[in-house]
Structures are given as structure tokens and as C-alpha cells.
Amino acid sequence: MTSGLRKGLTSYGDAGFSLFLRKAFIKAAGYSDDALDRPIVAITDTASDFNPCHGNAPQLIEAVRRGVMLAGGLPMSFPTISIHESFAHPTSMYLRNLMAMDTEEMIRAQPMDAVVLIGGCDKTLPAQIMGAASAGIPAVVVPVGPMVVGHHRGEVLGACTDCRRLWGQHRAGKIDEAEIEVISGRLAPSVGTCMVMGTASTMACMIEAMGMSLPYSAAIPAPHAERLRIGEASGKAAVAMAQQHAPKPAEILTPRAFRNAMVVLQAIGGSTNGLVHLAAIAGRTGHKIDLEEFDRIGREVPVLIDLKPSGDHYMEHFHHAGGMPRLLAELEPFLDMDAPTVTGGTLRDYAAMAEDVPGQTVIRPRTAPLKQTGGMAVLHGNLAPGGAVIKHAAATPALLQHTGRAVVFESVEDLTNRIDDPALEVSAEDVLVLRNAGPKGAPGMPEAGYLPIPRKLAQQGVKDMVRISDARMSGTAFGTIVLHITPESAVGGPLALVRTGDQIRLDVAARRIELLVDAAELERRAAEPRPTRAAPRRGYAKLFHETVTQADQGCDFDFLIGTDEEEEGEERTTR
Ligand code: FES
């Protein structure tokens with residue numbers, strides 16, 4: 001097996017010349033032969049002025065470099081796309097697969113024996129793992145870490161659960177323009193990812209539970225010195241992996257790891273986006289996430305973490321309470337503790353590091369959970385034949401069994417234009433329906449599933465309503481919200497047939513979401529011509545439109561699913 005600088009030579013028809021030329025150019029940067037003979041550990045550089053969440057990436061890269069050199073390797077960082085949630089148009093999810101392709105192809109194209117993936121803002125870690133899994137070289141993840149909390153008028157604040165809560169108060173007229181401006185400077189007081197259990201934190205926790213990062217990697221705050229020490233330790237671990245050419249991502253990302261991730265996703269009251277990303281990562285290693293199994297896990301596994309949006313605390317409190325090792329120790333009866341990790345050991349080693357923190361209430365024992373069952377449920381019914389998801393841990397209990405009149409919005413634009421119209425006929429008992437907001441329809445399945453409460457109802461004090469869509473929702477959001485309705489309306493899913501005035505029944509206990517319209521009428525509606533939008537004719541938009549899959553397959557591109565070995569008809573082995 002070739003390694004180091006000899007890997008993946010540029011094609012000139014003469015391998016010796018290719019290596020000679022490569023060395024000649026890299027020596028221009030001042031490298032010695034000694035350095036160039038070392039195992040190469042590459043480090044992804046996702047720093048960007050447009051991505052404040054990754055503001056500590058330069059220091060983390062330095063820390064990883066130090067670890068690599070201490071262990072005798074040669075660190076080489078390289079840039080990839082970086083995606084920030086609020087700086088990505090039309091939505092970050094639209095670009096996740098592009099980042100995954102960029103990461104995969106640059107790992108393949110450049111000579112490296114292992115790669116350290118530094119990322120964190122919502123779509124970045126899934127994209128990086130998808131890419132690394134497909135590229136197939138040893139990889140270790142270093143999340144940038146969560147922000148520390150903010151403070152305003154004696155209240156602790158966190159992005160972005162409190163962004164939504166306080167914006168809701170502003171919409172209801174309770175917070176004026178001047179104060180909301182002040183708040184915007186206090187919600188995100190440091191670099192790092194959102195410090196509630198949003199998508200970034202959820203992904204970091206699941207990745208640690210899958211053994212793709214070192215213990216404690218998920219929750220150490222971004223500005224802390226410990227975060228840099230995790231970077232250094234990850235650099236050292238990557239050199240060992242580079243020397244052994246193992247374990248490769250496919251050896252870690254096995255069905256047992258995906259099941260462990262599902263257990264953790266339920267126990268942390270994690271983001272619904274986590275399920276979509278997990279399906280995409282599983283697809284890259286030739287596996288599938290079974291939504292029914294996820295739902296079964298949710299009936300057994302309690303929510304043990306008291307973090308917003310399901311609870312009260314923030315990621316730094318989770319870290320101070322013992323972080324993921326403590327949680328893994330609590331969840332031991334539900335987990336496969338023999339699942340391998342990037343350290344060469346197993347998940348049992350992570351749990352064995354669990355610290356007992358006297359008096360902490362953030363990580364609950366199994367005997368006193370925050371909620372008796374997991375954070376999410378999978379729904380089916382005539383509205384969602386391919387499934388839908390609800391984060392019932394962050395919903396209003398009284399609305400989990402509810403029948404109401406549909407108020408339909410045709411698209412995100414229609415929603416924006418009409419939701420605050422004083423003439424909109426809507427009451428608190430109605431069910432708000434958004435369609436054409438799925439993977440193809442929007443495109444990119446935006447986080448529009450958190451439909452705002454119509455202003456006139458918000459002003460009357462209405463805080464939650466049943467809302468359903470084929471969109472996603474930010475992991476930091478809360479409410480009685482049914483998401484990821486599959487198939488989406490833009491590809492002919494039944495959501496397209498709902499009309500304002502229809503009755504919709506949500507029954508979370510029975511795991512059902514039903515449109516109470518008889519089958520003959522639905523058939524008649526399905527036969528009617530529907531307006532269609534012109535398909536994009538060029539570029540990434542065309543590729544996206546033609547190849548993006550539905551939520552249950554992770555919204556990956558269909559041609560990226562599976563492994564090279566499967567393509568070649570070889571049997572893939574996992575350990
Ligand atoms: Fe980057 Fe929330 S905006 S993690």
C-alpha cells in the first residue's frame with residue numbers, strides 16, 4: 001500500500017517523474033526530506049469570515065498540528081467549503097452535499113494517510129463524515145465546540161432557542177426594536193456552535209457516540225483550553241491511525257454504531273435534523289436507518305439530558321456535568337459498548353472515563369429521567385406514507401392528540417406573504433400546513449417547518465399550534481411540529497392534496513398523522529392538474545433537483561449513496 005507523499009500521484013505517465021515533481025514543488029514551501037517521509041495527516045480548514053461558528057478553527061488547526069508533530073507525523077491543512085446556517089442561501093441543507101463532495105474529492109485527490117475533520121456548524125460535520133466515509137481513509141472528527149452562554153437582564157440566553165423565543169415576544173409586541181437590537185449582540189457571545197441541543201450539538205454528540213471523535217469532544221466549549229487539548233490529542237490519534245491505515249470510517253460506521261447514535265439522539269432530545277444526517281451517513285457506508293427501529297428505541301430510551309430546547313440548560317453545563325462519557329455510562333444498558341472507536345478501543349472505554357459530578361442535575365440518572373421516553377417519534381398515516389417525525393419532547397403535551405382544521409400555505413413564499421395578514425382566517429385550534437418545502441420542492445428542505453404563530457394569535461398569547469410540513473426545523477426550535485413528511489408534496493406526496501378547511505388528526509400516542517378526507521375524494525384531487533415549477537436547467541441546482549433523495553434516505557444525491565466496493569460487486573467487510 002502506498003503512503004505519504006507517494007499516494008495518489010498526479011498522472012503524467014511516469015510515476016517516478018510525478019513523485020519528483022511533487023517533491024520539487026512541496027520543497028518550495030520549505031519542507032525537508034525528513035518531514036516528507038512522515039505519515040501525512042491532513043486537516044480540513046473550514047475557517048471562513050462567513051462562518052463565525054468556526055472562528056476558532058485556526059487555533060484548533062494549530063493544536064492538531066502540534067499533536068501530529070508530537071506523534072511523528074506531518075500535518076498538512078487544506079481548505080474546503082464552509083457553511084454557516086444563516087449565511088447560506090437558499091438554505092444550508094442545499095449545500096451540504098456539495099461540501100460532502102468537495103471533502104470526499106479533495107481527500108481522494110491529495111496524498112494523505114489520515115484526515116482530521118474540523119467542523120461544527122450544523123451541516124458541516126455530516127458533510128465531512130459523508131465525504132470521509134466515501135473516500136475511505138482513516139478519519140477523526142474534531143468539533144469546533146459550542147459557544148458559551150449569553151446574558152441579558154439577568155437571564156441566561158442561548159442561540160438559537162432563545163433567538164426564536166425572544167423574536168416571538170418581539171412579534172407579539174412585548175419586546176421593542178431597541179431591546180431586540182441589544183439582544184442580538186448577546187445571544188451568541190463567543191465563537192463556536194449554537195450552545196443548545198440544536199443540530200450542531202446533536203451531531204457532535206452522535207459522532208462521539210459512534211466513536212468517530214475522542215471522548216469529551218462533543219461538549220467542551222469552543223473557547224476553552226480543553227478544546228485545544230482535544231485537538232492536540234486528536235492529532236496524535238490520527239498519526240496512529242495513519243501508521244496502521246486503520247480503522248477506516250466504514251469499520252467504525254457499522255449498524256451497531258448507527259444504533260448507538262439513534263439511542264443517543266433519543267436520549268439527548270436531539271435535533272430532528274440529526275435523523276436526516278444519520279440516514280445520509282449510513283447511506284455512504286451501504287447501510288440504512290430503519291425509522292421503525294428509531295421509533296422503538298424512542299419508546300424505551302428516556303431523555304436524560306436537561307438541555308434547551310427540551311429542558312433548561314446549555315452545552316457548557318452538559319460538559320461540566322460530565323459530558324458524553326457520563327451520558328454513555330448512564331445509557332449503557334441500551335448501547336452496544338463493544339462498538340469500535342477511532343482510538344482503537346471501544347465505546348466501553350469512553351464510558352469508563354465517566355466522572356461523577358456531585359449535585360449536577362443536567363445529566364439525569366436512568367432512575368430519574370427528564371422524560372420517560374425518547375425525544376422523537378416517527379409518524380405514519382395517509383398524509384405520510386413514507387413517514388414523518390415529531391420532536392414530542394419539545395412539544396405542548398395537550399396538542400399531541402389533536403384534530404383541527406387545515407390552513408394551507410402553498411410554499412415558503414406564500415407563508416411569508418400571508419401568515420401575518422390580519423385577514424387570514426385562522427384560530428389557535430387550526431393546523432397550519434406548509435407544502436412545497438421538501439428536498440426538491442423548496443429546494444433544499446429549508447428549516448421552515450417552524451411556522452410562526454400568526455401575529456394576531458401571538459398577540460392574543462397563543463404560543464403553540466399544530467404545524468405540519470415536508471420541511472425541516474432547526475434543532476433549536478420547539479413546538480408541536482410534524483416534519484419531513486415523506487414523500488414530499490413536490491413529488492406527488494399526499495400533502496399536495498390537502499385543502500384549507502380539511503380536518504387533520506395528529507395522534508402521537510398512536511404514531512398517526514391523518515387527513516380526514518375519504519379516499520375517493522383524495523383520488524379525485526390527485527387526478528386534477530397541479531401547477532408545476534420549471535426545473536433548473538444548469539449547474540448545481542440542476543444536479544440537486546435531479547438527484548436529491550427524500551428525507552428517509554438522508555437527502556443525499558442518489559449517485560453518492562453506497563460504497564465503491566458495492567459498485568464493483570465486492571463484498572464489504574466490517575468489524
Ligand atoms: Fe452555526 Fe448554530 S449557526 S451552529
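These figures come from a predicted structure and were not determined experimentally.

Bringing the overall build of the protein into the picture now. When its secondary structure is counted, the protein shows 21 helices and 14 strands. Scaling as 2.2 N^0.38, a compact globule of 575 residues should have a C-alpha radius of gyration of about 25 Å, and the protein matches this with 24 Å. Taken along its principal axes, the extent of the C-alpha atoms in the protein is 75 × 55 × 50 Å. Sorting the 575 residues of the protein into buried and exposed places 59% on the buried side. Of the contacts made within the protein by residues no fewer than 6 positions apart, 75% connect residues no fewer than 24 positions apart. Summing over all exposed atoms, the protein offers an accessible surface of approximately 22100 Å²; the carbon and sulfur share of this is 53%. Considering the protein, the positive charge centre built from 56 side chains and the negative charge centre built from 68 side chains are found 2 Å apart.

An order of 2-1-3-4 is seen for the four strands of this open sheet, with the pairing classed as parallel. Of all the strands in the sheet, the pair left with one neighbour each is strand 2 (74-79) and strand 4 (139-143). For this sheet the average axis-to-axis angle between neighbouring strands, irrespective of direction, equals 25°. One ladder, built from six bridges, connects strand 1 (residues 40-45) with strand 2; its direction is parallel. Following the sheet pairing, A42 is matched in strand 2 by M76. Its contacts with the sheet place helix 5 (residues 124-135) against strand 1, strand 3 (114-119) and strand 4, and it is angled at close to 165° to strand 3.

Next up on the list: a nonpolar patch on the surface. On the surface, Y12, F17 and F20 cluster together into a nonpolar patch covering about 340 Å² of accessible area. Locating Y12 in the fold gives a position in the segment before helix 1 (15-26).

Okay, the UniProt feature "domain: Dihydroxy-acid/6-phosphogluconate dehydratase C-terminal" (unreviewed entry) in the protein next. UniProt marks residues 362-555 with the feature "domain: Dihydroxy-acid/6-phosphogluconate dehydratase C-terminal" (unreviewed entry), using the numbering shown here. The span residues 362-555 is 15% helix and 18% strand, and its two end C-alpha atoms sit 33 Å from each other.

In this section: the sheet that holds strand 9 (residues 401-409). Strand order in the open sheet made by the eight strands is 7-8-12-11-10-9-13-14, with mixed pairing throughout. Where the open sheet ends on each side, the last strands, each with one partner, are strand 7 (377-379) and strand 14 (512-515). Direction aside, the axes of adjacent strands within the sheet are offset by 30° on average. Here strand 11 (residues 466-469) pairs with strand 12 (residues 481-483) via two bridges, running parallel. Bridging from a neighbouring strand, I468 pairs with V482 of strand 12.

All told, the structure shown has ten aromatic pairs when counted by the stated rule. Centre to centre, the rings of Y94 and Y540 are 5.1 Å apart; their planes meet at 75°, and the pair counts as edge-to-face. In this pair, Y94 is assigned in helix 4 (residues 92-109) and Y540 in helix 20 (residues 539-547), connecting sequence segments 446 residues apart. Residues Y94 and Y540 agree in their burial class; the two are buried. Site record: aromatic cluster; members linked through ring pairs are Y94, Y540, F544, F557 and F559. Here the basic side chain of R164 rests over the ring of Y450, its NZ or CZ set 5.6 Å away from the ring centre. Across from the ring centre of Y450, 5.4 Å away, lies the NZ or CZ of R467, which sits over that ring.

Attention now moves to the pattern of salt bridges. Under the defined criterion, the tally for this structure stands at 37 salt bridges. Ionic pairing is found between D295 and R511, a salt bridge with its closest N-O pair at 2.7 Å. Here D295, found in helix 13 (residues 291-300), pairs with R511, found in the loop between strand 13 (503-507) and strand 14; they are 216 residues apart in sequence, far enough to count as distant. With a shortest N-O distance of 3.4 Å, R326 and E330 are connected by a salt bridge.

What follows is about the side chain of R511. On the basis of relative accessible area, R511 is assigned to the buried category, the value being 13%. The contacts of R511, once residues within four sequence positions are left out, are D295, R299, A377, V378, L379 and H380.

Here we come to the nonpolar core. F318 and L327 are the most contacted members of the largest nonpolar core, which has 107 residues in total. The leading source of residues in this core is helix 11 (residues 255-267), at eight residues. Leave out the neighbours within four places in its chain, and F318 touches C205, A219, I305, L307, G323, M324, L327, V362 and I363. Ranked by size, the runner-up nonpolar core spans 27 residues in total, among them A377, L379, V466 and V482.

Within helix 15 (residues 323-330), eight of the eight residues are buried, leaving the element largely enclosed by the surrounding structure. At its buried positions, helix 15 is contacted by helix 8 (199-209), helix 11, helix 14 (315-320) and helix 16 (347-352).

Another aspect to go through is the packing of helix 6 (residues 161-171) against helix 7 (residues 177-184). The interhelical angle for the contact between helix 6 and helix 7, taken along N-to-C directions, is 170°, at an axis separation of 10 Å. Overall, the two elements helix 6 and helix 7 adopt an arrangement that is roughly antiparallel. Residues L166, W167 and H170 of helix 6 lie in contact with helix 7, whose contacting residues are E177, I180 and I183. Its residues assigned to classes, the contact of helix 6 with helix 7 comprises four nonpolar, one polar and one charged.

Right, let's talk about the packing of helix 11 against helix 13 for a bit. The interhelical angle for the contact between helix 11 and helix 13, taken along N-to-C directions, is 50°, at an axis separation of 9 Å. By the angle between their axes, helix 11 is oblique relative to helix 13. Between helix 11 and helix 13 the crossing geometry is right-handed. Contact residues: R259, M262, V263, L265 and Q266 in helix 11; E293, F294, I297 and G298 in helix 13.

Criteria and thresholds
Residues numbered from 1 in each chain as written. Predicted model: local features only at pLDDT ≥ 70, side-chain atom pairs only at ≥ 80, totals over all residues. Heavy atoms only, no water. Helix = DSSP H or I, 4+ residues; strand = E, 2+ residues; numbered from the N terminus. Rg over C-alpha atoms; globule rule 2.2 N^0.38 Å. Buried < 20%, exposed > 50% of the residue type's maximum accessible area, 1.4 Å probe, protein only. Contact = heavy atoms within 4.5 Å. Areas by Shrake-Rupley, 256 points an atom, 1.4 Å probe, with all protein chains shown as cover. Lys, Arg positive; Asp, Glu negative; His and termini not counted. Charge placed at Lys NZ, Arg CZ, Asp CG, Glu CD. Pairing = 2+ DSSP bridges. Axes fitted to C-alpha atoms, helices over the stretch in contact; angles between N-to-C directions. Patch = residues over 30% accessible without salt bridge, like charges linked within 9 Å, V, L, I, M, F, W, Y side chains within 5 Å. Salt bridge = Lys/Arg side-chain N within 4 Å of Asp/Glu carboxyl O. UniProt positions renumbered as here; feature names shortened; annotations may be inferred. Phe/Tyr/Trp six-rings, centres within 6.5 Å; stacked < 30°, edge-to-face > 60°. Lys NZ or Arg CZ within 6 Å of the ring centre and 35° of its normal. Core = buried A, V, L, I, M, F, W, Y, C linked by side-chain atoms within 4.5 Å. Parallel < 35°, antiparallel > 145°, perpendicular 65-115°, else oblique. Nonpolar A, V, L, I, M, F, W, Y, C, P; charged D, E, K, R; others polar. Left-handed = near helix turned anticlockwise from the far one by under 90°.

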